[in-house]
Amino acid sequence: MADILPFHQKRASTETPEPEPLWRDVLGQSLRAAREEQGGRLVDVAERAGISPQYLSEIERGRKEPSSEMIAAVTGALGVDLADLLVGIAGTVRRRRGTGLAVGRRPAGPVLMAA
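Residues numbered from 1 in each chain as written. Predicted model: local features only at pLDDT ≥ 70, side-chain atom pairs only at ≥ 80, totals over all residues. Heavy atoms only, no water.

I'm lost on the nonpolar core in this one. Help?
Nonpolar side chains in soluble globular proteins generally cluster together in the buried interior. Counting 17 residues, the largest nonpolar core has L27, L31, I51, L56, V74, L78 and I89 as its most contacted members. Secondary structure elements with two or more residues in this core: helix 1 (23-38), helix 2 (42-49), helix 3 (53-60), helix 4 (68-78) and helix 5 (82-97). (Core = buried A, V, L, I, M, F, W, Y, C linked by side-chain atoms within 4.5 Å. Buried < 20%, exposed > 50% of the residue type's maximum accessible area, 1.4 Å probe, protein only. Helix = DSSP H or I, 4+ residues; strand = E, 2+ residues; numbered from the N terminus.)

Would you take a moment to explain helix 3 for this structure?
Structurally, the α-helix is built with 3.6 residues per turn, so residues lying three or four positions apart point the same way. Among the residues making up helix 3, those that are buried are L56, S57, I59 and E60. Buried residues of helix 3, seen end-on, are gathered within an arc of 160° and therefore sit on one face of the element. On the buried face of helix 3, the contacting elements are helix 1, helix 2 and helix 4. (Arc of directions from axis to C-beta. Contact = heavy atoms within 4.5 Å.)

Mind showing me how you'd approach a nonpolar patch on the surface here?
A cluster of nonpolar side chains, namely W23, L82 and L86, defines an oily patch on the protein surface of about 240 Å² accessible area. Structurally, W23 can be placed in helix 1. (Patch = residues over 30% accessible without salt bridge, like charges linked within 9 Å, V, L, I, M, F, W, Y side chains within 5 Å. Areas by Shrake-Rupley, 256 points an atom, 1.4 Å probe, with all protein chains shown as cover. Salt bridge = Lys/Arg side-chain N within 4 Å of Asp/Glu carboxyl O.)

It is not clear to me how helix 2 should be interpreted in this structure. Could you clarify?
Burial in helix 2 covers these residues: V45, A46 and A49. Taken down its axis, helix 2 places every buried residue within 100° of arc, on the same side. Set apart from the buried face of helix 2 by more than 90 degrees, the exposed residues are E47 and R48. Contacts from the buried residues of helix 2 go to helix 1, helix 3 and helix 4. Downstream of helix 2 by a residue or two, G50 has a phi angle that is positive, lying close to 80°.

How should I be thinking about the environment of L86 in this particular structure?
Relative to the helices and strands, L86 is located in helix 5. Here the alpha-carbon distance between L86 and V26, two residues 60 residues apart in the chain, equals 10.0 Å.

Help me understand the confidence of the model for the protein chain, please; the structure alone is not making it clear to me.
Any region with low pLDDT has predicted coordinates that should not be read closely. Taken as a whole, the protein chain shows an average pLDDT of 84; of its residues, 71% reach a score of 70 or greater. Here helix 5 stands out as the least confident element of the protein chain, with mean pLDDT 88; helix 3 is the most confident, with 98. (pLDDT = per-residue confidence, 0-100.)

Quick question: what am I supposed to make of the packing of helix 2 against helix 4 here?
Two measures define how a pair of helices packs: the angle their axes make with one another and the distance between the axes. Close contact between helix 2 and helix 4 brings their axes to 8 Å; oriented N to C, the two are set at 120°. It follows from the interaxial angle that helix 2 and helix 4 lie oblique. For helix 2 against helix 4, the interelement crossing comes out right-handed. Side by side, helix 2 and helix 4 meet where V45, R48 and A49 of the first sit next to A73, V74, A77 and L78 of the second. Across the contact of helix 2 with helix 4, the residue classes tally to six nonpolar, no polar and one charged. (Axes fitted to C-alpha atoms, helices over the stretch in contact; angles between N-to-C directions. Parallel < 35°, antiparallel > 145°, perpendicular 65-115°, else oblique. Left-handed = near helix turned anticlockwise from the far one by under 90°. Nonpolar A, V, L, I, M, F, W, Y, C, P; charged D, E, K, R; others polar.)

How should I be thinking about the packing of helix 1 against helix 5 in this particular structure?
Running from N to C, helix 1 and helix 5 point in directions that differ by 125°, and their axes come no closer than 10 Å. On the basis of their axis angle, the class for helix 1 and helix 5 is oblique. In terms of crossing hand, the pair formed by helix 1 and helix 5 is right-handed. Contacts between helix 1 and helix 5 pair W23, V26, L27, Q29, S30 and L31 from the former with L85, L86, I89, T92, V93 and R96 from the latter.

The structure is reproduced here in C-alpha cells:
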C-alpha cells in the first residue's frame, strides 16, 4: 500500500484579493482607447462596423459580451489588428491578476492527480 503524504495548503491571506477582471470589461476599455486615440466618434465607428451606436457604447462599457463577428467588425472599423488587440487584452488581464505567462511552467507546489 502507498504511503500517505501530507498536503500543505498555503494560508489564506488576510487581504481581500482584487477580483479578476472580466474579459468584456478589458475588451471594451481597449476598443474605447483605440477609438479615442484615433479621435473617432462613437457614431462614426458604429456606422462603419454596421452596428448601432448604443450597442457599441455597451461593448465599450463592458455591458455586452460581443460575438467574435462583432469584435471583428469593430476592429475592422477602427483599422486595428484583431490579433494585436487580443494580445494586448491578455497582457492587461495578466497584469491586473498579477501573474505572468504560465505556458510551459511547472507547478511550484504539490500536484494532486486522480487515478
